[in-house]
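Here are the chains, one letter per residue:
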Amino acid sequence: MFIMKKLNILILAMLMVFTRLSFASEKIYTFGVVPQQAASEMAETWLPFLAWVSAKSGVTLRFVTAPDIPAFEARLAKGEYDLAYMNPYHYTVFHKKSGYEALAKEKKCGTCHAVDKTKVGPSYKNIAAKYAGQAGAADKLAGVIAKGGSGSFGSTPMPPTAGISDADAKKLAAWILATK
Ligand code: HEC
């Protein structure tokens, strides 16, 4: 029972994680995805998304996975993936060990936001478009992510994000601005 429940939570609250990297060069970055589905299903889900991110950002991402969870864990431990989509358990273990940093916690933001459709809140692409080219936008948005805000897109307020660090709020803001 407990284990089932815990597994469900793990699957629901997937984390998107970045390891230390700079986007300056034209290098190809590997994007490792936790093997929770058949490889063919995962490729179907992720390839269009990664192609879209690559086209929009100019950063080339290559989809990679592992034959099974232990192999995925071994590769995470070595820091083999530049970016990785993993669950909170893996994140807890590997952010200390191999230097991965969480970028987006789907459960927290994803209930109200999506990359390119409006949900309770505006899509990330609409946010990026609104602030394109504005000086200080990342800092402003990091402030809203941490403390909440209202009136930029409509009358529904965005709640504060409990326990988020300034650094994480800035990373999320920069990532959202890059989705345009
Ligand atoms: C309960 C729903 C909800 C959650 C959860 C939520 N948001 Fe929002 N968000 C909104 C709404 C509604 C707005 C529009 C607010 C406005 O009009 O100013 C918004 C606006 C924003 C904006 C634009 C702010 C502005 O002033 O232009 C950013 C950036 C943002 N959200 C990021 C995030 C991130 C990152 C997370 C997760 C850490 C998150 N949101 C979680 C509902 C939510």
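Here the structure is a predicted model, which means the values were calculated and not measured.

> Summarise the overall build of the chain; cite the residues concerned and give the values.
Broken down by element type, the chain carries eight helices and five strands. The buried share of the chain, reckoned over its 180 residues, is 21%.

> So what's going on with the packing of helix α7 (residues 137-147) against helix α8 (residues 166-177)? Residues and values would help.
Between α7 and α8, the shortest axis-to-axis distance is 8 Å and the interhelical angle comes to 120 degrees. By the angle between their directions, the pair α7 and α8 is classed as oblique. Judged by the sense of rotation from one axis to the other, the crossing of α7 with α8 is right-handed. Of α8, the residues touching α7 (which contributes Ala-137, Ala-138, Leu-141, Ala-142, Ile-145 and Ala-146) are Asp-166, Ala-169, Lys-170, Leu-172, Ala-173, Ala-174, Ile-176 and Leu-177.

> Pulling in residues and values, what's your account of helix α6 (residues 124-131)?
Tyr-124, Ile-127 and Ala-128 are the residues of α6 that are buried. In a view along the axis of α6, the buried residues occupy a sector of 100 degrees, so they form one face of it. The secondary structure elements touched by the buried residues of α6 are α8. One or two residues past the end of α6 sits Gly-133, with phi positive at roughly 75 degrees.

> Residue-level account of the site of the ligand, with values.
The environment of the ligand is formed by 25 residues, the closest being Cys-109, Cys-112, Gly-121, Ser-152 and Met-158. Counting only elements with at least two residues in the shell around the ligand, the list comes to α5 (106-110), α7 and α8. If one sorts the elements of the shell around the ligand by residue count, α7 sits on top with three residues. For the shell around the ligand, the per-class residue count stands at 14 nonpolar, 10 polar and one charged.

> Which residues make up the nonpolar core, and what values go with them?
By size, the foremost hydrophobic cluster in this structure holds 13 residues, and its most contacted members are Val-34, Leu-76, Tyr-81, Ala-84, Tyr-85 and Met-86. Counting only elements with at least two residues in this core, the list comes to β2 (28-33), α3 (69-77), β4 (83-86) and α4 (88-98). Counting residues per element, this core draws most heavily on β4, which supplies four residues. Formed by 12 residues, the second largest nonpolar core is a distinct cluster that contains Ile-127, Ile-145, Ala-146 and Ile-176.

> Go over the environment of Gly-133, please, and point to the residues and values.
Structurally, Gly-133 is set in the loop between α6 and α7. Considering only alpha carbons, one finds Gly-133 and Leu-177, 44 residues apart in sequence, at a separation of 9.6 Å.

> If you had to explain the pairing of strand β3 (residues 60-64) to someone new, which residues and values would you point to?
For β2 and β3, the ladder comprises five bridges, and the chain directions are parallel. Within β3, the residue paired with Tyr-29 across the bridge is Leu-61. Considered for its hand, the β-α-β crossover made up of β2, helix α2 (residues 39-57) and β3 is right-handed.

Calculation rules
Residues numbered from 1 in each chain as written. Predicted model: local features only at pLDDT ≥ 70, side-chain atom pairs only at ≥ 80, totals over all residues. Helix = DSSP H or I, 4+ residues; strand = E, 2+ residues; numbered from the N terminus. Buried ≥ 20, exposed ≤ 12 C-beta atoms within 10 Å, placed from the backbone. Axes fitted to C-alpha atoms, helices over the stretch in contact; angles between N-to-C directions. Parallel < 35°, antiparallel > 145°, perpendicular 65-115°, else oblique. Left-handed = near helix turned anticlockwise from the far one by under 90°. Contact = placed C-beta atoms within 7 Å. Arc of directions from axis to C-beta. Near = placed C-beta within 6 Å. Nonpolar A, V, L, I, M, F, W, Y, C, P; charged D, E, K, R; others polar. Core = buried A, V, L, I, M, F, W, Y, C linked by C-beta atoms within 7 Å. Pairing = 2+ DSSP bridges. Right-handed = clockwise from strand over helix to strand, strands pointing away.

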